[in-house]
Protein chains: 2
Amino acid sequence: MKPEHEPHTCDASLARAFDFLGKRWNGVLLGTLVGRPATFSELKRAIVGISDSMLSDRLGELRGAGLVLRTVDEGPPVAVTYQLTSAGLALVPALRELASWAADNLPA
Amino acid sequence: MKPEHEPHTCDASLARAFDFLGKRWNGVLLGTLVGRPATFSELKRAIVGISDSMLSDRLGELRGAGLVLRTVDEGPPVAVTYQLTSAGLALVPALRELASWAADNLPA
């Protein structure tokens, strides 16, 4: 009978989600882009403690995963903005749930 | 006008959630306890790659944060089980959202 009573990880998806979003800054970066596009320097100001190279690295990773879109407006002046793709937007309900849970249940 | 157009991190709660749940194994451990209590050895079998000392360490951290409860049934035989507290259970909807999002949107 044992196998059916064994616990199992929620599934591999959850582990993937935490591996990816838990990676320093990724989750917070996506959270920061909820609701509006932002420029690199706006993101830098919004995310306390992130360095230019780290922000650049993480934006590249999020773009590679298809969650963030980089748009260049040739201007002048040239303006580069970052926004969530539909895959990134699909994360919003989970981010809201998580933030609300943490506010209520995680010791500060 | 700038301040009102600045993006901001979803809020400090989200950053705390990712700092905590993103810490290797914490999120997955909580996910594994969803729906049923488990013994140490059941958890060890369910979470591929975790060592005894890491599992013990993480269970201690989750208990310290009030998310996991350790129950000792004096028996005989003595049985020690771990289960989610109500604060831990409150995380379930967010975990489900996250797992579902990852299944649909995160490249494997």
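For clarity, every value in this text was computed on a predicted model and none was experimentally measured. (Residues numbered from 1 in each chain as written. Chains lettered and ligands numbered in written order. Predicted model: local features only at pLDDT ≥ 70, side-chain atom pairs only at ≥ 80, totals over all residues.)

**Student:** Help me understand the overall build of chain A in this model?
**Tutor:** Counting secondary structure elements, chain A contains 7 helices and 2 strands. Its helices and strands taken in sequence order, chain A reads α-α-α-α-α-β-β-α-α from the N to the C terminus. Here chain A, with 108 residues, has 34% of them falling under the buried criterion. Restricting to contacts in chain A with at least 6 residues of sequence separation, those with at least 24 account for 46%. (Helix = DSSP H or I, 4+ residues; strand = E, 2+ residues; numbered from the N terminus. Buried ≥ 20, exposed ≤ 12 C-beta atoms within 10 Å, placed from the backbone. Contact = placed C-beta atoms within 7 Å.)

**Student:** Teacher, can you tell me more about the confidence of the model for chain A here?
**Tutor:** Predicted coordinates in areas of low pLDDT are best not read in detail. Across chain A, the average pLDDT comes to 81, with 88% of residues at 70 or higher. Predicted confidence is poor over residues 1-10 of chain A, with pLDDT under 50, and the contacts of this stretch with residues over four places away or in other chains come to 24 contacts. (pLDDT = per-residue confidence, 0-100.)

**Student:** Even after reading the chapter, I still don't get the relation of the copies chain A and chain B, so can you show me in this structure?
**Tutor:** Comparison of the two chain copies shows a relationship of rotation about an axis with a shift along it. Mapping chain A onto chain B is achieved by rotating through 180° and translating by 0.0 Å along the same axis, at an RMSD of 0.0 Å. Given the turn and translation reported, the copies of this chain are related as if by a two-fold rotation axis. Minimal C-alpha distance to the rotation axis in chain A is attained by A:Gly22, lying at 1.8 Å. (Least-squares fit on C-alpha atoms with pLDDT ≥ 70 in both.)

**Student:** Any chance you could explain the interface of chain A and chain B here in plain terms?
**Tutor:** Interface size is often expressed as the accessible area that is lost when the parts come together. In this assembly, 46 residues from chain A lie in contact with 46 residues from chain B. Among the secondary structure elements, those contributing two or more residues to the side of chain A that touches chain B are helix H2 (12-21), helix H3 (26-33), helix H4 (40-46) and helix H7 (92-105) of chain A. When residues of the side of chain A that touches chain B are assigned to their parent elements, the largest contribution, 11 residues, is made by H7(A). The residue makeup of the side of chain A that touches chain B, split by class, is 29 nonpolar, 8 polar and 9 charged. (Nonpolar A, V, L, I, M, F, W, Y, C, P; charged D, E, K, R; others polar.)

**Student:** Please clarify how the packing of H2(A) against helix H3 (residues 26-33) of chain B should be interpreted in this entry.
**Tutor:** Two quantities define a packed helix pair, namely the angle between the helix axes and the distance between the axes. As a packed pair, H2(A) and H3(B) sit with axes 9 Å apart at the nearest point and diverge in direction by 155°. Regarding the angle of H2(A) to H3(B), the classification is roughly antiparallel. Note on packing geometry: the crossing formed by H2(A) with H3(B) is right-handed. On the side of H2(A), the interface is formed by A:Leu14, A:Ala15 and A:Phe18, while H3(B) contributes B:Gly27, B:Val28 and B:Gly31. (Axes fitted to C-alpha atoms, helices over the stretch in contact; angles between N-to-C directions. Parallel < 35°, antiparallel > 145°, perpendicular 65-115°, else oblique. Left-handed = near helix turned anticlockwise from the far one by under 90°.)

**Student:** Looking at this structure, how should I read H3(B)?
**Tutor:** Helical geometry note: an α-helix holds 3.6 residues per turn, so side chains three or four residues apart project in the same direction. Residue and element names in this part refer to chain B. Counting buried positions along H3 gives 7 out of 8 residues, so the element sits mostly inside the fold. Buried within H3 we find Gly27, Val28, Leu29, Leu30, Gly31, Thr32 and Leu33. In the segment just after H3, Gly35 is the residue with positive phi, at about 95°.

**Student:** Would you mind going over the nonpolar core with me for this structure?
**Tutor:** Grouped burial of nonpolar side chains is what soluble globular proteins tend to show. Membership of the largest hydrophobic core comes to 50 residues, with the highest contact counts inside it found for A:Leu14, A:Leu98, B:Leu14 and B:Leu98. Within the residue set of this core, elements represented by two or more residues are H2, H3, strand E2 (79-84) and H7 of chain A together with helix H2 (12-21), H3, strand E2 (79-84) and helix H7 (92-105) of chain B. Contacts of B:Leu98, omitting those with residues within four sequence positions, involve A:Leu14, A:Ala17 and A:Ala94. (Core = buried A, V, L, I, M, F, W, Y, C linked by C-beta atoms within 7 Å.)

**Student:** Please explain H2(B) as it appears in this structure.
**Tutor:** All buried positions along H2(B) are accounted for by B:Ser13, B:Leu14, B:Ala15, B:Ala17, B:Phe18 and B:Leu21. For H2(B), the elements touching its buried residues are H2, H3 and H7 of chain A together with H3 of chain B.

**Student:** Can you walk me through the pairing of strand E1 (residues 68-73) of chain A in this structure?
**Tutor:** On a regular strand, one side chain projects to one face of the sheet and the next to the other, so that they alternate. Residues and elements named next belong to chain A. Sheet topology note: the E1/E2 ladder contains 6 bridges and is antiparallel. Directly across from Val72, in E2, lies its bridge partner Val80. Two successive antiparallel strands, E1 and E2, enclose a turn made up of 5 residues, where Gly75 displays a positive phi of approximately 70°. (Pairing = 2+ DSSP bridges.)

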